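Chain by chain, the residues:
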Amino acid sequence: MSRRVVVSVSDKEGLQEFVKGLSRLDYEIVSTGGTARFLREGGARVTEVSEVTGFPEILGGRVKTLHPKIHGGLLGIREDGEHRRQMREQAIDPIDMLVVNLYPFQQTVARPGVTLEEAVEQIDIGGPAMVRSAAKNFRDVAVVVRKEDYGWILQELEAQGGTLTLESRFRLAQEAFSLTARYDAAISSHLSRMEASAGTIQPGPGTFPGRLGIALEKVMDLRYGENPHQQAAFYRELSNGASLLPDSVQLQGKELSFNNLLDLNSAYQLSAEFAPPCAVIIKHNNPCGVAVSRVGQADAYLKARQCDPVSAFGSVLGFNRAVDLETAQAIASTFVEAVIAPGYQPEALERLRARKNLRLLRYEAAENSAAGWDYKRVEGGLLVQEVDRAPEDEEGWMVATDRSPTPEEWEALRFSWIVGKHIKSNAIVYTRSDRTLGIGVGQMSRVDSARLAISKALSPLEGCVMASDAFFPFRDGIDIAAEAGIRAVIQPGGSVRDAEVIQAANEHGMAMVLTGRRHFRH
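Each value, and the rule that gives it
Residues numbered from 1 in each chain as written. Predicted model: local features only at pLDDT ≥ 70, side-chain atom pairs only at ≥ 80, totals over all residues. Heavy atoms only, no water. Helix = DSSP H or I, 4+ residues; strand = E, 2+ residues; numbered from the N terminus. Rg over C-alpha atoms; globule rule 2.2 N^0.38 Å. Contact = heavy atoms within 4.5 Å. Areas by Shrake-Rupley, 256 points an atom, 1.4 Å probe, with all protein chains shown as cover. Lys, Arg positive; Asp, Glu negative; His and termini not counted. Charge placed at Lys NZ, Arg CZ, Asp CG, Glu CD. Pairing = 2+ DSSP bridges. Salt bridge = Lys/Arg side-chain N within 4 Å of Asp/Glu carboxyl O. Buried < 20%, exposed > 50% of the residue type's maximum accessible area, 1.4 Å probe, protein only.

Novice: Account for the overall build of the protein chain, with residues named and values stated.
Specialist: Each helix and strand counted, the protein chain has 19 helices and 23 strands in total. Here the C-alpha radius of gyration of the protein chain, 30 Å, is well above what a compact globule of 522 residues would show, namely 24 Å. The principal-axis extents of the C-alpha atoms in the protein chain amount to approximately 95 × 65 × 45 Å. Put simply, 54% of the contacts in the protein chain that link residues at least 6 apart link residues at least 24 apart. Just so you have it, the protein chain exposes about 25700 Å², and 50% of that area is on carbon and sulfur atoms. Averaging the locations of the 59 positively and 67 negatively charged side chains of the protein chain gives two centres separated by 4 Å.

Below, the structure written as structure tokens:
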């Protein structure tokens, strides 16, 4: 028995092979304009939509599938006698499958300098309408919106005599409604950034749209959330092209937990800040050791672990280079929960596989990984902000003290400033030019963070530097650091007592750099 499929796609990858498979299964191919030409070039026999509807494509292609003979064929319930009678009277043939992907609106508006007119022309009308019709009638119609599904659909059709199971049609309908929801959300978010005034439509003054649509796709269920009594799942943000962590490959180890993913994210973000080989050790979503090395990756890891070896037990590690054998041997010498890196040398992977429960993730850095927004949930709402990854403007940094930093101190200050922005506020970090020595995290007062960082230091702090993620409200933090031997400080400045704080640094012979930018991390 012949079946009918309507095909109308923008992304034509894999389409010819899929349609050839449908033709072998005795499907009549009905298509529109550019898709029909593409399929004929591949040797397919195609019926134009206009032949089915008896009505030409008009308005530059804006109207071609919005017709009762298309939507009636998609929406007609096969088991409903009245539906069948009306379809016969109107000469409407049933449509068994719809293959559609939509105009590339999101890709278009992501281009720099795209005009409103260009964006509007990429708002698909007929495609979403057909998708919704077919998905609504999933008991009788299969709707295909993802090229990734072509393979398994053909396999099932061949095994099932040209039809799909109800379970498969329902799964395809779920994907279809997810697509239209994402599509409409993207259009709404983009147009909400615009303002109409004095007969023109221009981008609005704000960065954030009046209405924000966030499209998410579940990656996997998690064993539990932050605590065992909380259920949890991991989602990919579809509105952002950068999906580094959701697209990472787990090479081995136990199932990832909610807390693992938080720590892995922090480990990646901090390690990615540095150009030289870098090792980051994360515990409870804060770094407890960070180091870089010109010697090599293993040297960086050992230096990072020496900062706080007690806290490093059961930690999560991040590297900005493929893990080598020497580093793997050092990792295997202690208990580690998880590792994230851009790769693993074969001999390193073999060494780490001996730790069967050790979770190993491999990522591919995305070009636009700095894109997107940071979301924080509050009761009944969502806080949205830019991701804190703007390049540091060192030209705007100012030496506020009588003494300027030495070249070695400058190098250490840059290192400590980067680390400090990844520590939970209030944050104080003492470092050399290549490693952390003491980290004070999450205290309610900055002076307590300064004391905590000193208490955590296992190496002498004499001659080292200090970074603070926000200004010093009083001079006490400077006095405490000076007593420990700190010789240079980097901080945003901006306190009403800046003069008092700078004077304290001068009294101790310290150098102080003001960046003009704070890095709170709540």
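Novice: Can you tell me about the sheet that holds strand S21 (residues 465-468), naming the residues and giving the values?
Specialist: With mixed pairing, the six strands of this open sheet are ordered in space as S18-S23-S22-S21-S19-S20. Edge positions in the open sheet fall to strand S18 (398-399) and strand S20 (436-440), since each of these has one partner strand only.

Novice: Explain the pattern of salt bridges to me, and be specific about the residues and the numbers.
Specialist: Within this structure, the stated rule accounts for 30 salt bridges. In this structure, the salt-bridge partner of Arg 4 is Glu 28, at a minimum N-O distance of 3.2 Å. Of this pair, Arg 4 sits in strand S1 (residues 3-9) while Glu 28 is found in strand S2 (residues 27-31), placing the two residues 24 residues apart along the sequence. Overall, the relative accessible area of 11% leaves Arg 4 in the buried class. Glu 507 serves as the salt-bridge partner of Arg 475, at 2.8 Å between the closest nitrogen and oxygen. Taken together, the residues Arg 475 in the loop between S21 and helix H18 (476-483) and Glu 507 in helix H19 (residues 498-507) connect sequence positions 32 residues apart. Judged by relative accessible area, Arg 475 falls into the partly exposed class, the value being 23%. Note on Glu 507: relative accessible area 48%, which makes it partly exposed. Ionic contacts of the salt-bridge type, sharing partners, join the residues Asp 299, Lys 303, Asp 434 and Arg 435 into one network.

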